[in-house]
Amino acid sequence: MQVSGRGIAVDLPPGWEASIDSGDGAWRALDTSKPAEPVMRPDGSIRRVVAHFANFPLPPVRGDYGDGAIETMRSGDALITLVEFDPESATQPLFAATGVPALRATDFDPDAVHVPRFGATGAQRFFTIAGRPFSLYVVLGSHVDRADEIPVVNAVLASIEAT
């Protein structure tokens, strides 16, 4: 199933869900009626795209990098977060990689999980796609069984498009 909104499109396997922070702190399903442009918050700050893709039910309250969801994860669960940075970040060395990266089992580390959860493992990468700089943060419910989830995660990552 392809979902898209705010200049992001992704193909998700059956059983996966996607949501995007609308800019007002509420998470909503990706919506093609929303523009790709950043959302202006009431305080004047700009909220760029923050999207979550998961193969488990996402709780309605969670942080940009999945806190609130990570605590509910079990073995076999996968959470992909995509956080857009300001356009001028695209010229920084941190975002030099072009295109959404594929991940390997050796990329994952239990110490990379921002919200400690026994058994979980995480990986984070920075890249630019269509001139837009992003942080990719992936958490898997089990470090031991991570190799089982990586092919599906990589299929989702390979399908991500930005305009």
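Refer to the preceding data block for the structure.
The shown structure was predicted, so the numbers you read here are calculated from the model rather than taken from an experiment.

What counts, and where the lines are drawn
Residues numbered from 1 in each chain as written. Predicted model: local features only at pLDDT ≥ 70, side-chain atom pairs only at ≥ 80, totals over all residues. Heavy atoms only, no water. Helix = DSSP H or I, 4+ residues; strand = E, 2+ residues; numbered from the N terminus. Buried < 20%, exposed > 50% of the residue type's maximum accessible area, 1.4 Å probe, protein only. Contact = heavy atoms within 4.5 Å. Areas by Shrake-Rupley, 256 points an atom, 1.4 Å probe, with all protein chains shown as cover. Core = buried A, V, L, I, M, F, W, Y, C linked by side-chain atoms within 4.5 Å. Phe/Tyr/Trp six-rings, centres within 6.5 Å; stacked < 30°, edge-to-face > 60°. Pairing = 2+ DSSP bridges.

Asker: Even after reading the chapter, I still don't get the overall build of the protein, so can you show me in this structure?
Answerer: Within the protein, the regular secondary structure consists of 1 helix and 11 strands. Each helix (α) and strand (β) of the protein, taken in turn from the N terminus, gives the series β-β-β-β-β-β-β-β-β-β-α-β. With 163 residues in all, the protein has 48% of them scored as buried. Here the contacts in the protein between residues at least 6 apart in sequence split such that 61% fall between residues at least 24 apart. Of the roughly 7800 Å² that the protein leaves accessible, carbon and sulfur atoms contribute 56%.

Asker: What exactly am I supposed to notice about the nonpolar core here?
Answerer: Across soluble globular proteins, nonpolar side chains show a tendency to be buried alongside one another. Ranked by internal contacts, the top residues of the largest apolar core, which has 28 residues, are Leu-12, Trp-16, Phe-53, Ile-80, Leu-82, Val-138 and Val-153. When neighbours within four sequence positions are excluded, Leu-12 is seen to be in contact with Met-1, Val-3, Glu-17, Ala-18, Phe-53 and Val-156. One finds Ala-54, Ala-69, Ala-120 and Val-139 within the second-largest nonpolar core, a separate group that totals 12 residues.

Asker: What's the story with the packing of aromatic side chains in this structure? I'm lost.
Answerer: Aromatic ring pairs are defined here through the distance separating the ring centres and the angle between the ring planes. Inspection of the entire model under this criterion finds 5 aromatic pairs. An angle of 55 degrees between the planes, with centres 5.2 Å apart, marks the rings of Phe-85 and Phe-95 as tilted. Here Phe-95 lies in the loop between strand E8 (78-84) and strand E9 (121-129) and Phe-85 lies in the loop between E8 and E9, a separation of 10 residues in the sequence. Among the residues examined, Phe-95 registers a relative accessible area of 5% and is labelled buried. Ring centres of Phe-127 and Phe-134 lie 5.8 Å apart, and the angle between their planes is 25 degrees; this geometry places the pair in the stacked category. Classification of Phe-134 as buried rests on a relative accessible area of 1%. Put simply, the rings of Phe-85, Phe-95 and Phe-126 pair up and form one aromatic cluster.

Asker: How do you make sense of the pairing of E8 when you look at a structure like this?
Answerer: Note on strand geometry: in a regular strand, side chains alternate between the two faces of the sheet. Within E8, 7 of the 7 residues are buried, leaving the element largely enclosed by the surrounding structure. Alternating residues of E8 divide into Ala-78, Ile-80, Leu-82 and Glu-84 and Leu-79, Thr-81 and Val-83, and every residue in both groups is buried. Here strand E7 (residues 50-54) runs beside E8; their pairing, made up of 5 bridges, is antiparallel. Considered in E8, the bridge of His-52 is made with Thr-81. Here E8 pairs with strand E10 (residues 132-140) via 7 bridges, running antiparallel. Across the sheet, the residue bridging to Val-83 is Ser-135, located in E10.

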